[in-house]
Amino acid sequence: MVEHYNLGEIGAATAGANGNKAEITEPNGCRTTFTAMRVTKHDGARQHLVGIQPTIPASRTIAGLVAGRDEFLEKALANVRASK
């Protein structure tokens, strides 16, 4: 919805694994879980294994974690301040 209707910026990619979960349990106890539903974006484009890509890429770094910084929040605030 956010991507399709341009409701805001996206800072991180989604996993691209939507839909109902299905599971098969084999007689030996081994379980297999998979998505049993075709999910597309609002425009019909492929969603599975593609996901929603960021418009403003943001990521955490080891240095940021060690320093106790929230690099996602910092990137969001910088974007808001730059748009004023």
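Small disclaimer: the values here were computed from a predicted structure and weren't measured.

Peer 1: Help me understand the pairing of strand E2 (residues 31-35), please; the structure alone is not making it clear to me.
Peer 2: Here five bridges tie strand E1 (residues 21-25) to E2, and the two strands are oriented antiparallel to one another. Each bridged residue has a counterpart across the sheet, and for Ala22 the counterpart in E2 is Phe34. Connecting the antiparallel pair E1 and E2 is a turn made up of five residues, with Gly29 showing a positive phi of about 95°.

Peer 1: I would appreciate a short explanation of the layout of surface pockets in the present structure.
Peer 2: Using a probe with the size of a water molecule, rolled over the atoms, empty space left in the structure can be pinpointed. Computed from the structure, the largest pocket encloses a volume of approximately 150 Å³. In this structure, the largest pocket is lined by Met1, Val2, Glu3, His4, Ile10, Asn18, Thr40, Lys41, His42, Gln47 and Ile52. Split into classes, the residues belonging to the lining of the largest pocket amount to four nonpolar, five polar and two charged.

Peer 1: Explain the pattern of salt bridges here, please?
Peer 2: When the charged atoms of two side chains with opposite charge come close together, those side chains can pair. The final tally for this structure, using the stated rule, is four salt bridges. Residues Glu3 and Lys41 are paired through a salt bridge, measuring 3.7 Å at the closest nitrogen-oxygen approach. In this pair, Glu3 sits in the segment before E1 while Lys41 sits in the loop between E2 and helix H1 (62-67), placing the two residues 38 residues apart along the sequence. The exposure class assigned to Glu3 is partly exposed, which follows from its relative accessible area of 33%.

Peer 1: Looking at this structure, I do not really get the side chain of Gln47. What am I missing?
Peer 2: In this structure, Gln47 sits in the loop between E2 and H1. Look past the residues within four positions of Gln47 in its chain and what remains in contact with it is Thr14, Gly16, Asn18, Val39, Thr40, Lys41 and Ile52.

Peer 1: Help me understand the environment of Ala13 in this model?
Peer 2: Looking at where Ala13 falls in the secondary structure, it is placed in the segment before E1. Judged by its relative accessible area of 45%, Ala13 is partly exposed. When the C-alpha atoms of Ala13 and Gln47 are compared, they prove to be 12 Å apart, with 34 residues separating the residues in sequence. Setting aside chain neighbours within four positions, we find Ala13 in contact with Ile52, Gln53 and Pro54.

Peer 1: Mind showing me how you'd approach helix H2 (residues 71-82) here?
Peer 2: Side chains three or four residues apart in an α-helix point the same way, a direct result of the helix having 3.6 residues per turn. Under the 1.5 Å per step criterion, the end-to-end length of H2 is 16 Å for 12 residues, consistent within 8% with the ideal 16 Å. The N-terminus of H2 is capped by Asp70, whose side-chain oxygen sits 3.3 Å from the backbone nitrogen of Phe72.

Quick notes on the rules
- Residues numbered from 1 in each chain as written.
- Predicted model: local features only at pLDDT ≥ 70, side-chain atom pairs only at ≥ 80, totals over all residues.
- Heavy atoms only, no water.
- Pairing = 2+ DSSP bridges.
- Helix = DSSP H or I, 4+ residues; strand = E, 2+ residues; numbered from the N terminus.
- 1 Å grid on protein atoms, 1.4 Å probe; cavity = no way out; pocket = protein on both sides within 12 Å on 5 of 7 lines; lining within 4 Å.
- Points joined across faces, edges and corners; volume = space filled by probe spheres on them.
- Nonpolar A, V, L, I, M, F, W, Y, C, P; charged D, E, K, R; others polar.
- Salt bridge = Lys/Arg side-chain N within 4 Å of Asp/Glu carboxyl O.
- Buried < 20%, exposed > 50% of the residue type's maximum accessible area, 1.4 Å probe, protein only.
- Contact = heavy atoms within 4.5 Å.
- Expected span 1.5 Å × (residues − 1).
- Polar contact = N/O pair within 3.5 Å; in protein donor to acceptor, adjacent residues only side chain to side chain.

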